[in-house]
Amino acid sequence: MNLKTLVEDLDVLVSQGAMVDGVKQFFADDAVTLDYKGVRTRNKKQALEKMQAIADAVTKVNGITHHNTLLDGNESASEFTFDFKLSGNSTIYWHEIIRRTWNEKGQVIKEEYFNSHKTKI
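Residues numbered from 1 in each chain as written. Predicted model: local features only at pLDDT ≥ 70, side-chain atom pairs only at ≥ 80, totals over all residues. Heavy atoms only, no water.

Focus: the overall build of the chain
Scanning the chain from N- to C-terminus turns up three helices and six strands. Ordering the α and β elements of the chain from the N terminus gives α-α-β-β-α-β-β-β-β. Principal-axis analysis of the C-alpha atoms places the extent of the chain at approximately 45 × 30 × 25 Å. Taking all 121 residues of the chain together, the buried fraction comes to 38%. Of the roughly 6,900 Å² of accessible surface on the chain, a fraction of 50% belongs to carbon and sulfur atoms. Taking the 16 positively charged and 17 negatively charged side chains of the chain as two groups, their mean positions are separated by 6 Å. (Helix = DSSP H or I, 4+ residues; strand = E, 2+ residues; numbered from the N terminus. Buried < 20%, exposed > 50% of the residue type's maximum accessible area, 1.4 Å probe, protein only. Areas by Shrake-Rupley, 256 points an atom, 1.4 Å probe, with all protein chains shown as cover. Lys, Arg positive; Asp, Glu negative; His and termini not counted. Charge placed at Lys NZ, Arg CZ, Asp CG, Glu CD.)

Focus on the side chain of Glu112
Assignment of secondary structure puts Glu112 in strand β6 (residues 108–120). The contact partners of Glu112, leaving out residues within four places of it in the chain, are Leu34, Ile97, Ile98 and Arg99. (Contact = heavy atoms within 4.5 Å.)

Focus on unusual backbone geometry
Phi at Asn89 takes a positive value of approximately 65°, unusual for a residue other than glycine. For Asn89, the position within the fold is in the loop between β4 (75–86) and β5 (91–102). You can call Asn89 exposed: its relative accessible area is 57%.

Side note on helix α1 (residues 3–15)
In a regular helix each residue adds 1.5 Å, so 13 residues correspond to 18 Å; α1 covers 18 Å between its end C-alpha atoms and thus fits that length. All of the buried residues in α1 are Leu3, Leu6, Val7, Leu10, Asp11, Leu13 and Val14. For α1, the angular spread of buried residues about the axis comes to 155°, placing them on one side. Sitting at the amino-terminal end of α1 is Asn2, which places a side-chain oxygen 3.0 Å from the backbone nitrogen of Lys4. Directly beyond the C-terminal end of α1, a positive phi value near 80° is found at Gly17. (Expected span 1.5 Å × (residues − 1). Arc of directions from axis to C-beta. Polar contact = N/O pair within 3.5 Å; in protein donor to acceptor, adjacent residues only side chain to side chain.)

With respect to the packing of aromatic side chains
Applying the stated criterion to the full structure yields five aromatic pairs. With a centroid separation of 6.2 Å and an interplanar angle of 80°, the aromatic rings of Phe26 and Trp102 are classed as edge-to-face. Here Phe26, found in helix α2 (residues 19–26), pairs with Trp102, found in strand β5; they are 76 residues apart in sequence, far enough to count as distant. Take Phe26 and Trp102: they sit in the same class, and that class is buried. When the centroid spacing of 5.8 Å and the interplanar angle of 50° are considered together, the rings of Phe82 and Phe84 count as tilted. When sorted by exposure, Phe82 lands in the same class as Phe84, which is buried. (Phe/Tyr/Trp six-rings, centres within 6.5 Å; stacked < 30°, edge-to-face > 60°.)

As for the environment of Asp29
Take Asp29: it is sitting in strand β1 (residues 27–34). By relative accessible area, which is 64% here, Asp29 ends up exposed. For the pair Asp29 and Ala47, spaced 18 residues apart in the sequence, the C-alpha separation amounts to 9.8 Å. Asp29 has contacts with Asn43 and Lys44, leaving out every residue within four places of it along the chain.

Following this line, the structure appears as structure tokens:
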């Protein structure tokens with residue numbers, strides 16, 4: 001298992017707006033997530049439901065920029081800027097750090113989202 005390659009592959013999916021596919025492909029069944037508002041998921045099923053709800057609210061991807069990724073041991077941190085048009089014709093633009101903890105099988109067991117900047121346009 002090459003963790004650097006796995007991290008890169010997941011970052012490519014996120015860059016393409018395929019976050020649901022990323023959860024399906026890379027999350028362990030007992031993976032947990034925590035966002036900057038304190039919302040938690042306790043397993044892969046809940047993480048999928050949350051990502052699907054987000055994806056369903058997006059009507060158009062204006063752009064996703066992957067800025068950088070750091071890897072240290074079994075931890076990675078990926079920096080993205082997201083620009084989405086949402087249902088209701090609003091737009092959201094935010095800059096986020098996604099920190100992941102990986103297990104020995106090459107699966108995400110914990111994903112945390114850090115919001116460095118968010119602006120509604």
